[in-house]
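Coordinates in review
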Amino acid sequence: MDLKRVLDFEKKNLQEAFNRVLESGRYILSQEVASFEQSLSAYLNIRHCIGVSSGSDALLLSFLALGIKPAEKVICPTFTFFATAGSIARIGARPVFADSCPGCFQLPPFEAQSRIDSETRGIVPVHLFGQCADMDGFKEIKEKNDIFIIEDSAQAFGASLGDKKAGVLGDVGCFSFFPTKNLAALGEAGLVVTASDEIAYKLKALRVHGSFRQKYIHELIGGNFRMDEVQAAFLHVRLNAVDKLIEQRIKNALLYEQAFLSSGIAILCPDPCLCQTKKYEGLSHWDKDNYYPIYLPRSVRGRHTFNQYVIRIKKERDKLRDYLKDRGIQTEIYYPMPLHLQPCFSSLGYQKGDFPIAEKLSQEVMALPIFPGLTEEEIERVVKVICQFFGHPYKSLP
Ligand SMILES: *Cc1c(COP(=O)(O)O)cnc(C)c1O
């Protein structure tokens, strides 16, 4: 992944944005942030957008603003980035883990539902890799239970379900603008969105140490979660082109798919998406050896933005990864250890085998380069080298 490969049309505008901030003399939480927040409200079609210091802080602030208290439970997937559960634990609440869907990598609503009890205050569906979780299912759960839905949309800026964008489908939506995300800062930044005036007020207060209406009068105990002006200005430039950037990711995913399928080394993931079922079933392929060493990701709902292109390698993944690395191809494992097995969560009492799907996925997944600016030749080369590793002939794209 080459973050320096800024697209031509961005470069001049980013430099202009930097100069504007430099000359303004205002460097945090001022007019650039306010104007970026306004544009975000229009893009996401949501009443309140609150720019913050990072995606992790967006999650932390959300739990604080919702009034989730120590020892209360929040359900989240075990197969996600650490911050999803880390931020629950940091406010003193208890992460309750759940397994994943083998067809789409997301948290299935029935899995979350089965873990709700009287101490549960919220569920965090994560739109993993840029595709939405089954939010209709979570909406139904919310209608029957007094709980919050907090969307971890860090990887899914611009993804959508029907005519709604990821992040506006729950009580609160959290985004990250980490440099590898769909909307990428040149540093750290994040965002919380909500339709509720009351939650928005708390978020804005908590962002500045709980002193909002009157300087140095602290209504709440917050922290410093402010966004930099320069990041807001950069992000505003990219927001204006974000659909172009996302289209590039989608195009790259399609090229991978064509190159893999035409070479005959891979199939679209044969494990079914179980998000709309009531339990795990029909996993007949699950433990069988497959003729195909590679499973490709599928889009099963809405606009998949392909923040990551995550394939599953059915054998010798780590060897393949080294082989690619030696040939100058960078890959990443999202995520090698599910959160229920992390040392810092050992006191929660989970064990190996508790979440068999997540545990298996963590051994099979491998993310290929997909960033905007990656060329068709590079994509073909990645597939070619993977074919080489498995001793499989590669057929060039027409
Ligand atoms: C990136 C990410 C975060 C955290 O965002 P930061 O801006 O890096 O703090 C949280 N959740 C998920 C799923 C992420 O991918």
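That block above? That's the structure.
Residues numbered from 1 in each chain as written. Predicted model: local features only at pLDDT ≥ 70, side-chain atom pairs only at ≥ 80, totals over all residues. Heavy atoms only, no water.

1. Focus: the overall build of the chain
- The helix and strand tally for the chain stands at 12 helices and 13 strands.
- Here the C-alpha atoms of the chain give a radius of gyration of 21 Å, agreeing with the 21 Å that 2.2 N^0.38 yields for 398 residues.
- Counting only C-alpha atoms and orienting by the principal axes, one finds that the chain spans roughly 70 × 55 × 40 Å.
- Within the chain, buried positions represent 57% of all 398 residues.
- For the chain, the share of sequence-separated contacts (at least 6 apart) that also reach a separation of at least 24 residues comes to 71%.
- Side chains of the chain give 48 positive and 47 negative charges; the mean places of these two sets differ by 1 Å. (Helix = DSSP H or I, 4+ residues; strand = E, 2+ residues; numbered from the N terminus. Rg over C-alpha atoms; globule rule 2.2 N^0.38 Å. Buried < 20%, exposed > 50% of the residue type's maximum accessible area, 1.4 Å probe, protein only. Contact = heavy atoms within 4.5 Å. Lys, Arg positive; Asp, Glu negative; His and termini not counted. Charge placed at Lys NZ, Arg CZ, Asp CG, Glu CD.)

2. Some thoughts on the sheet that holds strand 11 (residues 294-296)
- Here 4 strands make up an open sheet; going across it, the order is 10-11-12-13 and the pairing mixed. If you trace the sheet from one side to the other, it starts and ends with strand 10 (266-268) and strand 13 (365-368), each paired once. Along the sheet, successive strands turn relative to each other by an average axial angle of 35 degrees, direction set aside.
- One ladder, built from 3 bridges, connects strand 10 with strand 11; its direction is parallel. What sits directly across from Ile 267, in strand 11, is Tyr 295.
- Taken strand by strand, helix 11 (residues 356-364) contacts strand 12 (309-313) and strand 13, and its axis lies near 45 degrees from that of strand 13. (Pairing = 2+ DSSP bridges. Axes fitted to C-alpha atoms, helices over the stretch in contact; angles between N-to-C directions.)

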